[in-house]
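# Analysis of the macromolecular model
Take a look at the letters that make up each chain.
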Amino acid sequence: MKKQRLNNLLFFTIISIMIQPSVLLADEYHYINSLPGERAAGMGGAYIAVSDDPSGCFYNPAGIALASARRLSISVNAYNISTKTYKDALHKTTGEGEDWELRSSRLIPNFFGVIQRFGPGIIGFSYAVTDFTSRDQEQVFRDIRSAIPGVNIDRYVINIDDVDNAYNFGPSYAIKLGDNLSVGATLYFYHRDSKIIRNHLINLSNGEFNWENYYLSLKEYGLRPIIGLMFSPVDKISLGFTISRTFLFDSDLRAQATIRGPASFGYGLNDVKFEVRESSEKRSFPLETKFGVAYFPSPSFLLSGDLYYYTRVENYEPVLNGAIGAEYYLSPSIAMRFGLFTDRANTPYLKRDRINQPEHVDNYGTTLSITYFTRNSSLTLGAIYTYGTGEAQVISNSPAIQEVRIDSITVFVGGGYSF
Amino acid sequence: MKRKAIFYTPILWLIFNLAFLFATFTFTSSYASDFRKRISQLDDYPYRTEDDIKAEIIFGRELSARILGRYPLLKDKTLTEYINLVGKAMSQHAARPEIEFRFGILDTDTINAFSAPGGYIFITKGCLKLIEDEAELAGILGHEIAHITERHIVKEINLKATDESPISGFASLIAGATGSAEVVFTTFIDKAYEILFERGYKKEDELSSDTIATTLLATTGYDSSGLLRFLKRLSEKGHEKDMEGTHPGLENRIRAIEEYMEKNQLTGKEGALLKERFYEKAKAK
């Protein structure tokens with residue numbers, strides 16, 4: 001979905017201090033918003049050339065053909081908290097800058113997968129949540145400058161209630177074409193359910209007030225095929241390759257705006273503007289090609305590295321991301337995993353003297369996990385930390401650019417069972 | 001500011017991926033995917049828990065009862081103590097200190113030796129008659145000890161516990177109090193009995209036990225060719241057919257032991273034979 005289209009739908013803003021409702025989607029400017037799978041998450045998602053368990057359905061379906069047993073896997077983001085801070089987004093009447101924060105916290109099962117032998121190959125079914133955000137916050141700012149000459153904002157109340165989830169679920173099938181080559185495919189049904197509710201109440205120093213309420217909802221339905229290849233050119237080395245793209249077949253966007261502006265902007269006592277807009281325009285998704293290499297020097301040690309390329313789509317730039325991961329067994333019962341990954345923005349760098357530009361924040365993440373194995377099961381506890389910096393324009397119709405910092409910590413638990 | 005990145009050129013990215021695909025289909029050499037197996041997935045891992053060891057001992061006791069149902073135990077206290085002396089000396093250097101090994105003599109002229117999981121080992125009276133010194137006896141007992149330390153029966157009957165078996169793990173055989181668990185337990189005892197008296201161990205398991213026994217002989221201080229000499233005698237005297245068809249060809253075993261001894265510089269290495277003691281304790285009977 002184009003950012004511009006959202007802006008056109010949303011902004012009736014009459015006071016330029018009004019903070020944008022940001023974006024409708026949880027993070028439409030990045031492609032790696034979740035790391036599903038207990039083992040893959042610990043390795044920074046560098047899993048394209050590993051993928052030999054149920055999470056391979058998501059990362060590289062060719063890998064499940066190499067799984068050693070029927071297996072069920074589940075991972076849960078036990079707790080995710082992320083903070084996006086816009087530096088000096090507001091200015092107090094004293095001239096001092098004031099940051100604006102968007103906070104999200106969520107507990108969600110983000111992966112479930114099961115694989116088992118079927119005919120000459122391995123069949124799988126998986127469910128992966130690739131985007132999840134839940135913001136429920138109330139903020140009050142006092143003594144803020146406004147764009148109206150001679151008038152300040154005594155009190156600015158913002159209430160936010162956002163929920164955005166992107167679900168992928170569907171079957172996979174993989175088959176070995178030889179000792180060192182396998183192919184596989186996953187066909188995900190894609191569903192996105194997004195809702196934004198924002199309430200803004202501004203009390204001006206001249207006794208007037210401005211109240212705005214926005215309600216937006218987006219529902220998308222589509223298919224996401226993933227085709228994968230896994231190959232071992234030499235002993236202990238594995239190469240993986242996948243290609244995928246999401247195709248929408250239905251999209252339903254609804255937006256409501258209710259505004260009661262101040263009298264100085266021509267609003268009467270009972271004069272409330274109400275506008276509803278709808279759109280069924282389907283956004284385009286990039287073609288994703290991913291390449292991975294993994295090195296298995298011993299049964300206790302594994303190194304892997306991935307490169308991901310996302311093509312240009314509509315107004316979004318092409319993106320190259322990467323990840324590296326390692327797995328080390330302290331004993332046959334305990335494994336440690338570590339990973340690093342990039343999650344770069346698909347937007348261009350911001351230009352001066354322009355307004356309403358999408359933000360550009362490049363994220364970098366690190367992961368760490370520990371797994372305890374019993375006879376047929378495994379239990380993992382891990383954490384993902386993501387840090388990003390960049391620029392944004394959170395004040396609608398203003399050329400001001402703010403520095404942005406993103407901090408996100410996810411604690412996840414996962415489990416697997418062979419049967 | 002415009003982003004600079006060579007991979008942002010779709011053509012270069014396409015070339016990169018085509019090169020990968022080309023490499024994929026050009027390399028034709030074949031490699032097993034075993035290197036993917038993690039240490040937690042290796043074959044012997046599922047049998048390491050305390051419950052598994054207890055279960056293995058109970059299972060072995062039951063299987064021993066079946067063996068004794070086929071051949072009675074020779075009631076000779078002195079000889080049994082002697083066999084236990086030699087066997088326990090060998091087992092001191094075995095890889096499973098958690099197992100207490102017990103040795104018995106079967107009152108039959110059949111030439112064979114048997115082992116049951118959990119440390120139960122039997123040698124036949126017929127076999128003892130062919131042995132000429134204590135090193136040979138130790139070699140035969142070492143071979144059976146190796147079957148236990150390497151969990152050959154355990155692995156074979158529970159090979160698919162993490163794949164196709166309806167029960168998960170060896171311990172659940174014992175722990176399950178349900179009727180179905182008892183049926184499964186009996187079925188697995190039948191399978192183990194079949195391995196001992198009809199099917200035999202896998203060839204690689206037999207060869208592995210021979211080499212481990214040879215190593216045990218050397219580490220215990222016996223003549224490391226004890227087992228080799230006994231097998232050669234069996235072969236020379238044409239006793240292969242008397243071994244109930246449960247072992248691979250003697251020729252292969254002899255050659256494998258010779259190669260192993262040569263490779264590990266055991267050939268010609270001197271060790272105790274204890275012929276006199278063997279004759280005093282065993283041959284005098």
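Notes on the structure follow. Chains are numbered independently. Their residues run from 1 in the order of the written sequence. Numbering of ligands from 1 and lettering of chains from A proceed in the order in which they are written. Totals for whole chains, interfaces and linings use every residue, but because this is a predicted model, local features are given only for residues with pLDDT of at least 70 and side-chain atom pairs only at 80 or more, for both listing and counting. Think of the side-chain values as coming from all heavy atoms in the structure, minus any hydrogens and water.

## Focus: the packing of aromatic side chains
- Any Phe, Tyr or Trp ring, taking Trp's six-membered ring, that has another such ring centre within 6.5 Å forms a pair; planes under 30 degrees apart are called stacked, those over 60 apart edge-to-face, and the others tilted. The full count for this structure, using the stated rule, is 22 aromatic pairs over all chains.
- Taken together, a centroid distance of 6.3 Å and an interplanar angle of 50° make the contact between Phe141 of chain A and Tyr156 of chain A tilted. Of this pair, Phe141 of chain A sits in strand S3 (residues 121–145) while Tyr156 of chain A sits in strand S4 (residues 152–178), and the two are 15 residues apart along the sequence.
- Whether a residue is buried, partly exposed or exposed follows from its accessible area with a 1.4 Å probe, protein chains only, as a fraction of its type maximum: under 20%, in between, or over 50%, in that order. A relative accessible area of 0% means that Tyr156 of chain A is categorised as buried.
- Site record: aromatic cluster; members linked through ring pairs are Tyr47, Phe58, Tyr59 and Tyr188 of chain A.
- The rule is short: NZ of Lys or CZ of Arg within 6 Å of the ring centre and within 35 degrees of the ring normal puts a charge over the ring. Sitting above the plane of the Tyr193 of chain B ring, Arg66 of chain B keeps its charged end 6.0 Å from the centroid. Starting at the N terminus, helices and strands are each numbered in turn, a helix being any DSSP run of H or I of at least four residues and a strand any DSSP run of E of at least two.

## Let's talk about helix H11 (residues 250–263) of chain B
All names here are of chain B.
- Each helix should span, by expectation, one fewer than its residue count multiplied by 1.5 Å. Its 14 residues place the ends of H11 20 Å apart at the C-alpha level, agreeing with the 20 Å of an ideal helix rising 1.5 Å per residue.
- Leu250, Arg253, Ile254, Ile257 and Met261 are the residues of H11 that are buried. Along H11, the residues classed as buried sweep out an arc of 100° about the axis, all on the same side. Away from its buried face, by an angle of more than 90 degrees, H11 presents the exposed residues Glu251, Glu259, Glu262 and Lys263.
- Buried positions along H11 lie against helix H5 (134–149), helix H9 (203–220) and helix H10 (226–236).
- Of the residues one or two after H11, Gln265 is the one with positive phi, at around 55°. In this description, one arc is meant: the one made by directions from the helix axis to the C-beta atoms. Here, two residues are considered to be in contact whenever any of their heavy atoms come within 4.5 Å of each other.

## A short note on the nonpolar core
- Membership of the largest hydrophobic core comes to 43 residues, with the highest contact counts inside it found for Ile83, Ile123, Leu128, Ile131 and Leu137 of chain B.
- If you tally residues by element for this core, the top one is H5 of chain B, at seven residues.
- In plain words, nonpolar cores are sets of buried Ala, Val, Leu, Ile, Met, Phe, Trp, Tyr and Cys residues tied together by side-chain atoms within 4.5 Å. Listed in part, the 34 residues of the second largest apolar core include Ala65, Tyr188, Tyr310 and Ala323 of chain A.

## So, the side chain of Thr246 of chain A
All names here are of chain A.
- Tracing the sequence through the fold places Thr246 in the loop between strand S7 (237–244) and strand S8 (247–260).
- What makes Thr246 buried here is its relative accessible area of 8%.
- Filtering out sequence-adjacent residues up to four positions away, Thr246 remains in contact with Tyr190, Leu223, Arg224 and Phe285.

## Things to note about the pairing of strand S6 (residues 209–231) of chain A
All names here are of chain A.
- Pairs of strands are assigned from DSSP output, requiring at least two bridges between the strands. Examined bridge by bridge, strand S5 (residues 181–204) and S6 share 23 bridges and lie antiparallel to one another. Its bridge partner lying in S6, Leu181 is registered against Phe231.
- Linkage of S5 to S6, two consecutive antiparallel strands, is achieved through a turn of four residues, within which Gly207 is found at a positive phi near 90°.
- Note: S6 against S8, 13 bridges, orientation antiparallel. Pairing of Glu220 across the sheet is with Ser251, part of S8.
- Pairing of S6 with S7, which is carried by six bridges, proceeds in the antiparallel orientation. Looking at the pairing, Leu229 lines up with Phe241 of S7.
- Remark: five residues form the turn of the hairpin made by S6 and S7, two consecutive strands paired antiparallel; Lys236 in that turn has positive phi of roughly 75°.

The values reported here are purely geometric and, on their own, carry no functional implication.
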